[in-house]
Amino acid sequence: MFAVTTLKDAERIVRIVMVTILLTAGTSKFFSHGGFVEYYSKLFQGDLRIQLPPFIVDTYLQLIPFIEIGLGCALLSNRYKWVAVYGWFAFMLSLLVGHYILQEWASVNQMLDYFFLGLLCFVLPNHQSWLRRDVA
C-alpha cells in the first residue's frame, strides 16, 4: 500500500495546512479591530429560528481568535497533537453550529472539508520531530 514514511509525510502536510488555517484566521481577527465581532454579533441578532443571548454570542466571538491561535500552536507540538485535534473537531463543530443557526447552508456543507482535514491528521501517523524525517 503506502510506506509508513509517506503516510507520516502526508500527516505533516495536513497538519501544516491546519496550523496555517488557524494562525491566519486568528491573526486576521485580532487585526480586524473588532470588526469580526461586530459583524457576526449583528448577524446573530437577526431574524433567526434559533435565538442565542447576545452575551453568549459576543463572549464566544471574542474568544475565537484566542482559540484559533491556541489550537494552531498546539498543533505544532507532537506532544499535544491529540488534544489539539480533538480541540479542532470541537471548534469546527461550534463553527458548523453557528453557520447552521445563521442558516448559511453552503457554509455548513463547506465545514465538512475541515472535519476531513482533522480526520486525516487524527488517523495518519506522525514523524517524531518536525526537524527530521523518520525512515521507517
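In this text, all values refer to a predicted model and were calculated from it rather than measured experimentally.

Visitor: It is not clear to me how the side chain of arginine 12 should be interpreted in this structure. Could you clarify?
Guide: Among the structural elements, arginine 12 can be located in helix α1 (residues 4-30). Summary of buried charges: arginine 12 has no salt-bridge partner, and the nearest side chain of opposite charge, aspartate 9, is 5.0 Å away. Excluding residues within four positions of it along the chain, arginine 12 makes contact with His127, Ser129, Trp130 and Arg132.

Visitor: For this particular structure, what's the right way to read the packing of helix α2 (residues 35-44) against helix α3 (residues 54-75)?
Guide: Two measures define how a pair of helices packs: the angle their axes make with one another and the distance between the axes. Interaxial distance between α2 and α3 falls to 10 Å at its minimum, and their mutual angle equals 145°. Classified by chirality, the crossing of α3 by α2 is right-handed. Together, Phe36, Val37, Tyr40, Ser41 and Phe44 of α2 and Val57, Asp58, Leu61, Gln62 and Ile64 of α3 make up the contact between the two elements. Split by residue class, the contact of α2 with α3 holds seven nonpolar, two polar and one charged.

Visitor: I would appreciate a short explanation of helix α4 (residues 81-101) in the present structure.
Guide: Helical geometry: 3.6 residues make up each α-helical turn, so side chains three or four residues apart lie on a common side. With 21 residues, α4 should cover 30 Å at 1.5 Å per step; its first-to-last C-alpha distance of 30 Å lies within 8% of that length. For α4, every residue scored as buried is listed here: Lys81, Ala84, Val85, Gly87, Trp88, Phe89, Phe91, Met92, Leu96, Gly98, His99 and Ile101. Close packing links the buried residues of α4 with α1, α2, α3 and α5 (105-123). One or two positions beyond α4, positive phi appears at glutamine 103, with a value near 60°.

Cut-offs used in this document
Residues numbered from 1 in each chain as written. Predicted model: local features only at pLDDT ≥ 70, side-chain atom pairs only at ≥ 80, totals over all residues. Heavy atoms only, no water. Helix = DSSP H or I, 4+ residues; strand = E, 2+ residues; numbered from the N terminus. Buried < 20%, exposed > 50% of the residue type's maximum accessible area, 1.4 Å probe, protein only. Lys, Arg positive; Asp, Glu negative; His and termini not counted. Salt bridge = Lys/Arg side-chain N within 4 Å of Asp/Glu carboxyl O. Contact = heavy atoms within 4.5 Å. Axes fitted to C-alpha atoms, helices over the stretch in contact; angles between N-to-C directions. Left-handed = near helix turned anticlockwise from the far one by under 90°. Nonpolar A, V, L, I, M, F, W, Y, C, P; charged D, E, K, R; others polar. Expected span 1.5 Å × (residues − 1).

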